[in-house]
Amino acid sequence: MAPLPVEAAIWAGIGYFCGYTWVGLVYLVCLVADYVVRLCYCPDPPPIVPKDGEYALVTGASRGIGREIAEELSKRGFNTILVARSEKLIEAHSKMLKQK
């Protein structure tokens, strides 16, 4: 869960300097209430577990975020389909994933 945003303090300061202290306080109270509700009542999402024969299509899988996502999905048991612009990089990455 992410910490409360800095914008709460900014709005509280703007309200204070403009003579509308209640604006900042109301905003801050709403943010804190939202944070508490999300923390207490929103469960964590279920883990991603593939069913037998399930496929995952990953675009941009030759480098960066796409590469990391492809590695994670293959670790979790998905049959991954890799798509990228660079044929050499994608072939090397595909071989690496098959070895793991």
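That block above? That's the structure.
Keep in mind that this is a model prediction, so the values were computed, not measured.

A few words on the side chain of E71. You can see E71 is positioned in helix α3 (residues 64–75). Beyond its immediate stretch of four places on either side in the chain, E71 contacts H93, M96, L97 and K100.

Here we take up the pattern of salt bridges. It is possible for side chains bearing opposite charge to pair when their charged atoms get close. This model, assessed by the stated rule, comprises two salt bridges. A salt bridge links R76 to E72, with the nearest nitrogen and oxygen atoms 3.0 Å apart. Residue classification places R76 among the partly exposed residues on the basis of a relative accessible area of 38%.

With respect to the element layout, G53 can be found in the loop between α2 (21–41) and β1 (55–59). Given the relative accessible area of 51%, G53 is considered exposed. Each C-alpha atom of the pair G53 and N79 lies 6.9 Å from the other, and the pair is 26 residues apart in sequence.

Time to look at α3. Think of an α-helix as turning once every 3.6 residues; residues three or four places apart then point the same way. Its twelve residues give α3 an end-to-end C-alpha distance of 17 Å, which sits within 8% of 16 Å, the value for a rise of 1.5 Å per residue. On its buried side, α3 packs onto β1, β2 (79–83) and α4 (87–99).

With that settled, consider the pairing of β2. By the bridge criterion, five bridges tie β1 to β2 in an arrangement that is parallel. Of the residues in β2, the one forming a bridge with V58 is L82. Assessed by its sense of winding, the connection that carries the chain from β1 through α3 to β2 is right-handed.

Bringing the nonpolar core into the picture now. Most often, soluble globular proteins have nonpolar side chains that are buried together. Counting residues in hydrophobic clusters, the biggest one holds nine residues: A56, V58, A61, A70, L73, F78, L82, I90 and L97. Where this core is concerned, the elements lending two or more residues are β1, α3 and α4. Not counting chain neighbours up to four residues away, the residues in contact with L82 comprise V58, A61, A70, I90, H93, S94 and L97.

In a regular helix each residue adds 1.5 Å, so 13 residues correspond to 18 Å; α4 covers 19 Å between its end C-alpha atoms and thus fits that length. Taken together, the buried positions of α4 are I90, H93 and L97. Taken down its axis, α4 places every buried residue within 65° of arc, on the same side. Every exposed residue of α4 that faces more than 90 degrees away from the buried side is listed here: E87, K88, K95, K98 and Q99.

Thresholds, definitions, all that
- Throughout, a residue's number is its position along its own chain's written sequence, starting from 1.
- Given that the model is predicted, a residue must reach a pLDDT of at least 70 before its local features are reported, and side-chain atom pairs must reach 80 or more before they are shown or counted; all residues, however, enter totals for whole chains, interfaces and linings.
- In computing side-chain properties, one takes all heavy atoms of the structure into account and sets aside hydrogens as well as water.
- Put simply, DSSP marks the helices as runs of H or I at least four residues long and the strands as runs of E at least two long, and each gets a number from the N terminus on.
- Working rule for contacts: check all heavy atoms of both residues, and any pair within 4.5 Å makes them a contact.
- For this document, the term salt bridge refers to a Lys or Arg side-chain nitrogen within 4 Å of an Asp or Glu carboxyl oxygen.
- Each residue is placed in one exposure class: buried if its accessible area under a 1.4 Å probe, protein chains only, is under 20% of its type's maximum, exposed if it is over 50%, and partly exposed if it falls in between.
- Take the residue count of a helix, subtract one, and multiply by 1.5 Å to get its expected span.
- Pairs of strands are assigned from DSSP output, requiring at least two bridges between the strands.
- For a crossover, the right-handed case is the one in which the path from the first strand over the helix to the second runs clockwise, viewed with the strands pointing away from the viewer.
- In this description, a nonpolar core means a group of buried Ala, Val, Leu, Ile, Met, Phe, Trp, Tyr and Cys residues linked to one another through side-chain atoms lying within 4.5 Å.
- The reported arc concerns the directions from the helix axis to the C-beta atoms and nothing else.

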